Amino acid sequence: MPEHAIFVPALYTHNATIDAQHKELIKRVNDLYDAIEKGGDAAGEKAKESLEFLTQYTVFHFQAEENLMKTTGYPLFTEHKKIHDNFVITVRGLVDKLAELGPTPEFADLVEKEFTAWIINHIQGTDIKTIEWINNKSGDQMQNLL
Ligand SMILES: [Fe+2]
């Protein structure tokens, strides 16, 4: 079984909405681990529900980031969106993997590798760089208004 994912301070992008959504993603993946670890008759159904929520929330969160990039004229919008789109394919693949492997530690390890590690890496690299650009640009725009 994987360790619980932790939202460490290095994951802050300094956009309150995006940070809250990243925290929710991490909380929800931990809920999925818990459902698997607890086991029992309901584990399959609980893991399925949990993963479905995680999938929908990932799509919702990516849309929020993409709207932010669009409204601020972020120049690497297309590249960042492509990364998101590819990841959604991976996440949907996990739904099939759960059906195949069941709510097992093996499946949880796969979630750790394909979901949790990816999202943490994405936040620390791509998202932080994107929000940094957006925040600085907003600052410039404010200055232009004065
Ligand atoms: Fe992103």
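Caption draft 1: Examining the overall build of the chain more closely. For the chain, the count of helices and strands is four helices and zero strands. Counting helices and strands in the order they occur from the N terminus, the chain gives α-α-α-α. Taking the principal axes of its C-alpha atoms as reference, the chain extends roughly 65 × 25 × 20 Å. Within the span of the chain, comprising 146 residues, buried residues form 24% of the whole. Restricting the contact set of the chain to residue pairs at least 6 apart, pairs at least 24 apart contribute 71%.

Caption draft 2: Structural detail: the environment of T55. Counting through the fold element by element, T55 comes out in helix α2 (residues 43–71). On the basis of neighbour counts, which here come to 16 C-beta atoms within 10 Å, the residue T55 falls in the partly exposed class. A C-alpha to C-alpha distance of 16 Å links T55 and G44, two positions 11 residues apart in sequence. Discounting residues that sit within four places of it in the chain, T55 has contacts with V91, R92 and V95.

Caption draft 3: Focus on α2. Taking 1.5 Å of rise per residue, 29 residues should cover 42 Å, and α2 covers 42 Å from first to last C-alpha, within 8% of that figure. Along α2, the residues that are buried comprise A47, S50, L51, L54, T58, E65 and M69. Just past α2, the residue G73 takes up positive phi, approximately 70°.

Caption draft 4: Helix α1 (residues 16–38), seen in detail. Here α1 is 23 residues long and its end C-alpha atoms lie 33 Å apart, about the 33 Å a rise of 1.5 Å per residue gives. Those residues of α1 that sit buried are I18, H22, L25, I26, V29, L32, Y33, A35 and I36.

Caption draft 5: Fine view of the nonpolar core. Counting residues in each nonpolar core, the largest one holds 19 residues, and the members touching the most others are V29, L32, I36, A47 and V111. For this core, the elements supplying multiple residues, two or more each, are α1, α2 and α4 (105–145). Core analysis: the second largest hydrophobic core is formed by five residues, M69, Y74, I131 and I134 among them.

Caption draft 6: Structural view of the confidence of the model for the chain. On average, residues of the chain score 94 in pLDDT, and 94% of them reach the 70 mark or higher. In this model, residues 142–146 is a region of pLDDT below 50 whose contacts with residues beyond four sequence positions or in other chains number zero contacts.

Caption draft 7: Just unusual backbone geometry, in detail. One non-glycine residue with positive phi stands out, namely H14, at about 70°. Topologically, H14 is positioned in the segment before α1. Under the C-beta neighbour-count criterion, H14 is labelled exposed, with 11 such atoms within 10 Å.

Caption draft 8: Layout of the environment of A35. As for its placement among the helices and strands, A35 is situated in helix α1. It is 6.1 Å that separates the C-alpha atoms of A35 and K46, two residues lying 11 residues apart in sequence.

Rules and cut-offs
- Residues numbered from 1 in each chain as written.
- Predicted model: local features only at pLDDT ≥ 70, side-chain atom pairs only at ≥ 80, totals over all residues.
- Helix = DSSP H or I, 4+ residues; strand = E, 2+ residues; numbered from the N terminus.
- Buried ≥ 20, exposed ≤ 12 C-beta atoms within 10 Å, placed from the backbone.
- Contact = placed C-beta atoms within 7 Å.
- Expected span 1.5 Å × (residues − 1).
- Core = buried A, V, L, I, M, F, W, Y, C linked by C-beta atoms within 7 Å.
- pLDDT = per-residue confidence, 0-100.

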